[in-house]
Amino acid sequence: MPHLIIILIMSNLQKFIRLKPLLIFSRILIFITLFAQFSQFILSQDSKETHPANTFQELDLSFPFKICWNLKNEEPLNNFIASDNIIFLSSVGGIIKSIDSESGDKRWETDLGGEIISIPYIDGENVYVVSKPKESQNEIPANNEVSANDSGKNIIIRSLNISSGVTIWQTNVKTDLIPEQIFLYVYKSSLLIADKNGNLHSISKNDGVFKWKKSLGVKLSAPPYFYTGKAILGTFENQLIILNLSEDKIYKKVDLHVIPTAISLNTNDETLIIGDRKGVVSSIRIEKTEYKITKKEKKEKKEKKEKKEKKGKNNSWKFRLGAEVSNISITPGGLLITSLDNFAYLISAEKGNLKWKKRLVGRISDKSLVLDNYALITTTAKPTISVVELSTGKLINEIILENEDFVTANPIKIRNKIIVPTSKGLYAFAPKECYEIEN
């Protein structure tokens, strides 16, 4: 077969050579023209303002930022979250909206009344949100009502359809929850509602029916950290309480010397990273155990732990900052730590060694947005978001807002855009180009 192909090629080559030079030249010219047109077509396709979602690469945040779109809002935005290319945002006046992240167009809007006191939580086709009703709404019965005590006031937990914003179910809870400090988490078929007073409610995520309530009897000093069926709760009693969500039981208590203010988890080795009020960041090893464990398994794990400690591999370390720890973020290059003295630090997750530290202008607010080798850090001193290179700690760029505007919640990244909620509305920024991503 290969010999036959060679013979055919040689035959065609001989025929081509016998052609007149003018004919040969004309055919070559036609080929060059067609090739140039094809190349132009390919280039024009690449330069269009839409790109397939599966070809999108990580953003290079060193380019100047452009405003792709902005959505003016009459009331300040207090919380928002995103799923795929849809943004769900809430305002202090009780309105929740669904926004297309590519264009900034509104998909739907629902007025819940009162005041929204939780970040919207997305699970499948549902958006869960907690609101504090107006005084006149406190006596309105709901389809499910859970009464913690008769002297408390209602909060309303709702499940909204992700496509339309229509209420699927709602549940009223009478409690003494602190406004603006409600945390939501979905575990299996349950929706967990936690507050800073140490109260936890579990209700069915499908219909809002009450399952259980647990009161720790102590106030929380840091936002709860949820993972793999457990809630890690820092308290003002210098303790960490680890709650097993499936059994409504305390899995473990860890005594600390100081009040914890920030909690994170290194999922590579199940090490808890704790920041406290005195400016110390500590690693705490939490064993990979279930709630129930046999004596044999407990003995084996104890022996393994002793061996690691002898080899110096217990992963326990401490790192001291200059002020109270405000936030801990896990990054590919280490732990990004922020403190109340306006410093940001990057330390190694394994040994707690300092890689770099940087002082920013003004108090660092909320959680930093980590993207590949970048961290977007917001401060309260000026209307800018600092873009810091994680590997070096250098300030390489800034997102500049309008005068007298300020960030009201953590920025997030959706595809090729950085979405920033501010006191004046919602902005979509992109480095270099504002092209849209095709679904």
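Computed from a predicted structure; not experimentally measured.

(A) Representation of the sheet that holds strand β28 (residues 354-359) in the model. Strand order in the open sheet formed by 4 strands is β25-β26-β27-β28, with antiparallel pairing between adjacent strands. Two strands in the sheet have a free side with no partner beyond their single neighbour: β25 (325-331) and β28. Strand-to-strand twist in this sheet, taken as the mean axis angle between neighbours without regard to direction, amounts to 15 degrees. With 5 bridges connecting them, strand β27 (residues 343-347) and β28 associate as antiparallel partners. Residue pairing in the sheet places Ile347 in a bridge with Leu354 of β28.

(B) View of the pairing of strand β20 (residues 249-255). When strand β19 (residues 239-244) meets β20, the two strands line up antiparallel, connected through 6 bridges. Pairing of Leu243 across the sheet is with Ile250, part of β20. Two successive antiparallel strands, β19 and β20, enclose a turn made up of 4 residues, where Asp248 displays a positive phi of approximately 55 degrees.

(C) The pattern of salt bridges, seen in detail. Scanning all chains against the criterion turns up 7 salt bridges. In this structure, Glu102 and Lys417 form a salt bridge, with 3.1 Å as the shortest nitrogen-oxygen distance. Of this pair, Glu102 sits in the loop between β5 (95-100) and β6 (106-111) while Lys417 sits in strand β34 (residues 417-421), placing them 315 residues apart in sequence. Its relative accessible area of 1% is what places Lys417 among the buried residues. It is possible to trace a salt-bridge network through shared partners that takes in Lys72, Glu402 and Lys424.

(D) Spatial organisation of the pairing of strand β31 (residues 384-389). Counted residue by residue, β31 has 5 buried out of 6 residues, so it is predominantly covered. Bridging between β31 and strand β32 (residues 395-400) involves 5 bridges; their strand directions are antiparallel. Bridge pairing links Ser386 to Glu398 in β32.

(E) Fine view of the state of the cysteines. Scanning all chains against the criterion turns up 1 disulfide. Bridging Cys68 to Cys434, the disulfide has an S-S length of 2.2 Å. Residues Cys68 and Cys434 are joined by a disulfide whose S-S torsion is about -85 degrees; by sign, that bridge is left-handed. With Cys68 in strand β2 (residues 65-72) and Cys434 in the loop between β35 (425-431) and β36 (436-438), this pair connects stretches of sequence that are 366 residues apart. Classification of Cys68 by relative accessible area gives partly exposed; the value is 22%.

(F) Region of interest: the nonpolar core. Counting 16 residues, the largest nonpolar core has Leu61, Phe65, Leu376, Ile399, Ile418 and Phe429 as its most contacted members. Elements supplying a minimum of two residues to this core: β29 (364-371), β30 (374-379), β31, β34 and β35. With sequence-adjacent residues up to four places away left out, Phe429 is seen in contact with Phe65, Lys66, Ile67, Cys68, Ile399, Ile400, Leu401, Asn416, Lys417, Ile418 and Val420. Core analysis: the second largest hydrophobic core is formed by 15 residues, Tyr185, Leu220, Phe226 and Leu233 among them.

(G) Structural context of the sheet that holds β19. If you walk across this open sheet you meet the 4 strands as β17-β18-β19-β20, and the pairing is antiparallel. Strands at the two margins of the open sheet, each flanked by one partner only, are β17 (225-227) and β20. Adjacent strand axes in the sheet meet at a mean angle of 20 degrees when their direction is disregarded. With 3 bridges connecting them, β17 and strand β18 (residues 230-235) associate as antiparallel partners. Its bridge partner lying in β18, Tyr227 is registered against Lys230.

(H) Spotlight on the packing of aromatic side chains. In this structure the tally under the stated criterion is 6 aromatic pairs. Judged by centre distance (4.5 Å) and plane angle (5 degrees), the rings of Tyr185 and Phe226 are stacked. One end of the pair, Tyr185, is in strand β13 (residues 182-187); the other, Phe226, is in strand β17, with 41 residues separating them in the sequence. Residues Tyr185 and Phe226 agree in their burial class; the two are buried. Plain terms: the ring middles of Tyr427 and Phe429 are 5.9 Å apart, the flat faces sit at 20 degrees to each other, and that makes the pair stacked. Here the two residues Tyr427 and Phe429 agree in accessibility, since each one is buried. Here the aromatic residues Phe319, Phe343 and Tyr345 are joined through ring pairs into a cluster of three or more.

(I) Just unusual backbone geometry, in detail. The phi torsion at Thr228 lies on the positive side, around 35 degrees, for a residue other than glycine. Locating Thr228 in the fold gives a position in the loop between β17 and β18. The phi dihedral of Asp372 is positive, around 55 degrees, even though this residue is not glycine.

Thresholds applied
Residues numbered from 1 in each chain as written. Predicted model: local features only at pLDDT ≥ 70, side-chain atom pairs only at ≥ 80, totals over all residues. Heavy atoms only, no water. Pairing = 2+ DSSP bridges. Helix = DSSP H or I, 4+ residues; strand = E, 2+ residues; numbered from the N terminus. Axes fitted to C-alpha atoms, helices over the stretch in contact; angles between N-to-C directions. Salt bridge = Lys/Arg side-chain N within 4 Å of Asp/Glu carboxyl O. Buried < 20%, exposed > 50% of the residue type's maximum accessible area, 1.4 Å probe, protein only. Disulfide = S-S within 2.5 Å. Core = buried A, V, L, I, M, F, W, Y, C linked by side-chain atoms within 4.5 Å. Contact = heavy atoms within 4.5 Å. Phe/Tyr/Trp six-rings, centres within 6.5 Å; stacked < 30°, edge-to-face > 60°.

As far as function goes, none of this settles anything; it's purely spatial.
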